Amino acid sequence: MPKKYTALAEMSVAYEVEFDEDEIPAGMDEWDYAHHLAEQGAYIECENGGDFKIYDVVSDTVKLKGFDK
């Protein structure tokens, strides 16, 4: 019988928002304003953004806590 494996990965979603320099209120820099826009829910999901990362591959002989099969 061939050995079986489980690959574990995580995936993130990228978001974006665009703004012009003249939209930034006095007393804020671009980073402050970007955080402000995040709090306002102004970001939208990027169509082709995000990250996918495989962080482990384990054989079926390893018992993973919370991954009972």
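Keep in mind it's a predicted model, so treat the numbers as computed, not measured.

**Brief notes about a nonpolar patch on the surface**
Here's step 1: On the surface, a cluster of nonpolar side chains totalling about 610 Å² of accessible area is made up of Tyr-5, Met-11, Phe-52, Ile-54 and Val-57.
Here's step 2: Breaking the nonpolar patch down by element, the ones donating at least two residues are strand E1 (5-12) and strand E4 (51-59).
Here's step 3: Considering each element in turn, the nonpolar patch owes the most residues, 3 residues, to E4.
Here's step 4: Relative to the helices and strands, Phe-52 is located in strand E4.
Here's step 5: The exposure class of Phe-52 is exposed, given its relative accessible area of 54%.

About the criteria used
Residues numbered from 1 in each chain as written. Predicted model: local features only at pLDDT ≥ 70, side-chain atom pairs only at ≥ 80, totals over all residues. Heavy atoms only, no water. Patch = residues over 30% accessible without salt bridge, like charges linked within 9 Å, V, L, I, M, F, W, Y side chains within 5 Å. Areas by Shrake-Rupley, 256 points an atom, 1.4 Å probe, with all protein chains shown as cover. Salt bridge = Lys/Arg side-chain N within 4 Å of Asp/Glu carboxyl O. Helix = DSSP H or I, 4+ residues; strand = E, 2+ residues; numbered from the N terminus. Buried < 20%, exposed > 50% of the residue type's maximum accessible area, 1.4 Å probe, protein only.

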